[in-house]
Amino acid sequence: MTPEEQARLQIDRMLVAAGWTIQDLRDLNLGASLGVAVREFPLKTGEADYLLFVNRQAVGVVEAKPEGDTLSGVHEQTTKYSVGVPANLPHVQLPLPFGYESTGVETLFTDLRDPDPRQRRVFSFHRPETLREWIAQGDTLRKRLRYMPSLATNGLRDCQVEAITNLEKSFAEARPRALIQMATGSGKTFTAVSFIYRLIKFANAKRVLFLVDRNNLGRQTFREFQQYITPDDGRKFTELYNVQHLTSNALDPVNRVCIATIQRVYSMLRGEELDAELEEQSLFDIAPESERPKEVVYSPQIPIETFDIIITDECHRSIYNLWRQVLDYFDAFLIGLTATPSKQTIGFFNQNLVMEYSHERAVADGVNVGFDVYRIKTQITERGSQVDAGFYVDRRDKLTRRMRWEKLDEQLAYTPNQLDRDVVAVDQIRTVIRTFKEKLPTEIFPGRTEVPKTLIFAKDDSHAEDIVHIVREVFGKGNDFAKKITYKTTGERPEDLIASFRNSYNPRIAVTVDMISTGTDIKPLECLLFMRGVDSAVYFEQMKGRGTRTISPTDLNAVTPGDVLKTHFIIVDAVGVCENDKTDSRPLERKRTVPFEKLVQQVALGIRDEDTLSSLAGRLARLDREIGEKDQQAIVSVIASLEEAKQSPTSAEIASQRLAMTSPLRTIVNRLLDAVDADKQIGTACAMFATATPTDAQIQSATEQLTNEACAVFDNPKFRNTIIAIKQRNEQVIDTVSQDTIITAGFDAAARERAQKTVATFKQFIEANKDELTALQILYNLPYARRQLTYAEITQLADAIQAPPYRLTPDALWQAYEQLERARVRGAGTQKILTNLVSLVRFAIGANEVLEPFSATVERRFAEWLAQAGRAFTPEQREWLVMIKDHITTTVEIGWDDFELTPFSDKGGRVKAYNLFGQGLDNLMQELNTVLVA
């Protein structure tokens, strides 16, 4: 067969799979099925490789080319055939609307009815039923997207309006991929539901797929659709359109929105059942066990046109390697949602970042709250510990948690890296938790009587279990106070525990590994305690994002009593996670569920593909951090003994000898990574063959050499058995002997520097504007100014400090002063009132010695004024004076017109006030405006 004949054979298979009947012209029978593809059909302009008929009418052309041919220029040939249909041949229109170019490996499609017809890559051919439906619609989706009605902005934040507007501009330009980056807590899902509603109603999108990372987020997204009130209709989204949360492989044909994990859709395309438990875990934790990802094949039950739009949530981690095949399969617009895009994410979306809304902008806009870092360092956390021989320790099986008692016959020394994996230092956990408890009401959240909602990040499920018990013990509370929320939680369902953590008083503290680390919305959360490290910059930003969400005082006080206000959140860093370098590169491990022993054996058997070597490198790198000096020496001794047994070392053996002189596992890891590094492969080929531009064959030869050198050590069973034995030790030592001590506990230097910068910026603003802004002029001249402040002047001042280049807010300023001068700050008050700016300015210019809420100042001065008034007031007059005082607290002044507002109007308004105080009311108002504000 010629290459083109081979291509046509594959094209035939693809057409048949998509529901087309293949015929030669001599066997023509257009009534054989809805869709008929006739080979080598003669037209006025030549012979089309395939002419497509739907319902006996010509609708399109397929041009076949040999595998490897480029197809961009072939469209001209397809178009030539599309206009060459004889007049007497039934056809839907001229030129024929649908054109395909295919090699059987690559297929491009063009709809000539689009405003600007453009080739787009498709996985396979569309079904005849789909082409019939498109013809009946008249306008194409891309044309409808070009003429969307104006956006109703009511109920949307400015950032959400910007995101939807920019996305619809991208749609109008028919750009196939778009990325929306919005800070955690700024309403990405609400934004998505809003534009999905518009896409369905105004662009008649057939069906939208909303991909999530795990089922917990799917349930959360489904609730968002159920609660969404359409801006123009007033009904709930789910009252107008069917929304399905896919928990089985049955796709409801009537739904307009389908919410599913990307794992679920992948298994459906593969025709395989999915273990539901795998949908409860993040894609950080699971991966296929096969040598290489199984390829997705065409599924007649789920054709490529099933979805018009695909949204992939948390797309920073769900679109690579195996899972990318799901996105490449469908002929759909692709929109990514993330708070933390990596370079790879932006590249995948063709650099089309339609919205960039950072955490800093969100904080400045009041959409998010900022954070400070409180660092706790302990002796054992920083330096490890040792237990002398002769002491008794517990040993606990990691899997069964069965305990046994053992007397040490030699000294036990362990490093910080071994904590909570090989060794559990009970007092280290206790010391961190005790310090956290002691510092909560004095330094971390001064004046608090209730423990704020706190999320603790643990290293693994066993570590989380230890922390929960110690938290309950240290705080002296019961089981409800602290709960573990991980995938291994038994008894209560994790989603019920999350709901309680979000909506109820208890639990006050939740301990997790990564189940609540991304995506989960818990607005009352005010404190994150890190007792585990994080290497990924993207993942760390996601974890921090759990605390950024804003919440109204009413909603917060419903779960955290005490008239508290969420102005910021605190990261309590007990492991240095905020100080360590992080990377945004893809993880090394791509075979997370393949046992370590199996990976080692695969390499020994010669299975040395990129994923296997990369995954093994990741496991060995982790093992190197976990093992102690004793195990390191055992590995060195094995390697040294192997070399001594050899007489004439090769280059690979010499390389292995060098392993014994340094950290052996670290050297092996580096060599494995070199073997899969494209740049290293090219560089080695250049050196091997003395050329600046090596051929593919030369690069392949260099890769084989790098791979053989990296894997040589695994050929020896003694080495393999040694590292497998070290890895498979399942016991943890429970150190109850070592006592931990605090090294330091306090806010980190970076937080102090940020606070100093904020205060300096505020003082610069005051100096630059003291002669321009009326409020500043008056405050500089108080307390004896004759002119009174007005609410309009305070509003003008607030707008000025929030505008570029200052971008300050009263909350951020108050928080900064708390950091720097805690002894002179009395707290931000229970209400977020604009008049607090008066207190901030006075404190900044030195007019007040103490920074206290404006309400506290007014309250104190009012009490002093009553005591010195020299007149008696009736109970009813006192009631009105208190209302006047409260009004001045929030608006900085009282005037005649204000008596027509609540609460004055409810008690008789201006007339009642005049009846109570008579002609002296005007002087009384002026006196209170001066005394309480001046």
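Rules and cut-offs
- Residues numbered from 1 in each chain as written.
- Predicted model: local features only at pLDDT ≥ 70, side-chain atom pairs only at ≥ 80, totals over all residues.
- Heavy atoms only, no water.
- Helix = DSSP H or I, 4+ residues; strand = E, 2+ residues; numbered from the N terminus.
- Contact = heavy atoms within 4.5 Å.
- Areas by Shrake-Rupley, 256 points an atom, 1.4 Å probe, with all protein chains shown as cover.
- Lys, Arg positive; Asp, Glu negative; His and termini not counted.
- Charge placed at Lys NZ, Arg CZ, Asp CG, Glu CD.
- 1 Å grid on protein atoms, 1.4 Å probe; cavity = no way out; pocket = protein on both sides within 12 Å on 5 of 7 lines; lining within 4 Å.
- Points joined across faces, edges and corners; volume = space filled by probe spheres on them.
- Nonpolar A, V, L, I, M, F, W, Y, C, P; charged D, E, K, R; others polar.
- pLDDT = per-residue confidence, 0-100.
- Buried < 20%, exposed > 50% of the residue type's maximum accessible area, 1.4 Å probe, protein only.
- Pairing = 2+ DSSP bridges.
- Core = buried A, V, L, I, M, F, W, Y, C linked by side-chain atoms within 4.5 Å.
- Axes fitted to C-alpha atoms, helices over the stretch in contact; angles between N-to-C directions.
- Parallel < 35°, antiparallel > 145°, perpendicular 65-115°, else oblique.
- Left-handed = near helix turned anticlockwise from the far one by under 90°.

Once that is clear, we can look at the overall build of the protein. Helix and strand counts for the protein stand at 35 helices and 27 strands. With respect to the three principal axes, the spread of C-alpha positions in the protein is 115 × 90 × 55 Å. For the protein, contacts bridging at least 24 residues in sequence account for 70% of all contacts bridging at least 6. Accessible surface, the protein: about 40,700 Å² in total, of which carbon and sulfur atoms supply 47%. Side chains of the protein carry 114 positive and 129 negative charges; the gap between the two charge centres is 2 Å.

Moving on, we come to empty space enclosed by the protein. Applying the stated rule across the entire model yields 4 cavities of 30 Å³ or more. Approximately 260 Å³ is the volume found for the largest cavity. In terms of lining, the largest cavity is formed by 20 residues, of which the most central are R120, W134, L141, R142 and D308. Among the secondary structure elements, those contributing two or more residues to the lining of the largest cavity are α3 (128-137) and α4 (141-146).

Moving on, we come to the layout of surface pockets. Roughly 1,100 Å³ of volume is contained in the second largest pocket. Lining the second largest pocket are 41 residues, with V363, T758, R807, T809 and A812 sitting closest to its centre. Going through the elements one at a time, α12 (359-364), β15 (370-378), α27 (749-769), α30 (810-820) and α31 (836-844) are the ones with two or more residues in the lining of the second largest pocket. Ranked by the residues each element gives to the lining of the second largest pocket, the list is headed by α30, at 7 residues. Here the residues of the lining of the second largest pocket are counted per class, giving 17 nonpolar, 14 polar and 10 charged.

Predicted coordinates in areas of low pLDDT are best not read in detail. Per-residue confidence for the protein gives a mean pLDDT of 85, with 90% of residues at or over 70. A low-confidence stretch, residues 284-292 (pLDDT under 50), is modelled with 27 contacts involving residues beyond four sequence positions or located in other chains. Segment residues 651-661 is flagged for pLDDT under 50; beyond a separation of four residues in sequence, or across chains, it makes 19 contacts in the model.

So, on to the pairing of strand β12 (residues 309-313). In terms of residue burial, β12 counts as a mostly covered element, since 5 of its 5 residues are buried. The two faces of β12 match: I309, I311 and D313 on one face and I310 and T312 on the other face are all buried. Pairing geometry for β12 and strand β13 (residues 333-338), over 5 bridges, is parallel. Across the sheet, the residue bridging to T312 is G336, located in β13.

Membership of the largest hydrophobic core comes to 53 residues, with the highest contact counts inside it found for F762, L789, L797, Y817, L881 and F899. Dropping the residues within four chain positions of it, Y817 is found in contact with V759, F762, K763, R822, V825, L840, F843, A844 and L851. If you look at the next biggest cluster of nonpolar residues, it comprises 46 residues, including A260, Y266, I304 and F348.

For the rest of this paragraph, the subject is the sheet that holds strand β4 (residues 57-64). A sheet is described by the order of its strands in space; here 7 strands give the open sequence β1-β2-β3-β4-β5-β6-β7, paired in mixed fashion. Edge strands, defined here as strands with exactly one partner in the open sheet, are β1 (21-24) and β7 (120-122). Shown here is a sheet whose adjacent strand axes are inclined to one another by a mean of 30 degrees, direction ignored. Bridging between strand β5 (residues 98-102) and strand β6 (residues 107-111) involves 5 bridges; their strand directions are antiparallel. Looking across to β6, one finds that Y100 is bridged to F109.

Time to look at the packing of helix α5 (residues 158-172) against helix α6 (residues 188-203). For the pair α5 and α6, interaxial distance at closest approach is 10 Å and the crossing angle is 40 degrees. Between α5 and α6, the interaxial angle falls into the category oblique. Taken as a pair, α5 and α6 cross one another with a handedness that is right-handed. Two secondary-structure elements touch here, α5 through Q160, A163, I164, L167, E168 and F171 and α6 through F190, T191, S194, F195, R198 and L199. Partitioned by chemical class, the residues of the contact of α5 with α6 number 7 nonpolar, 3 polar and 2 charged.

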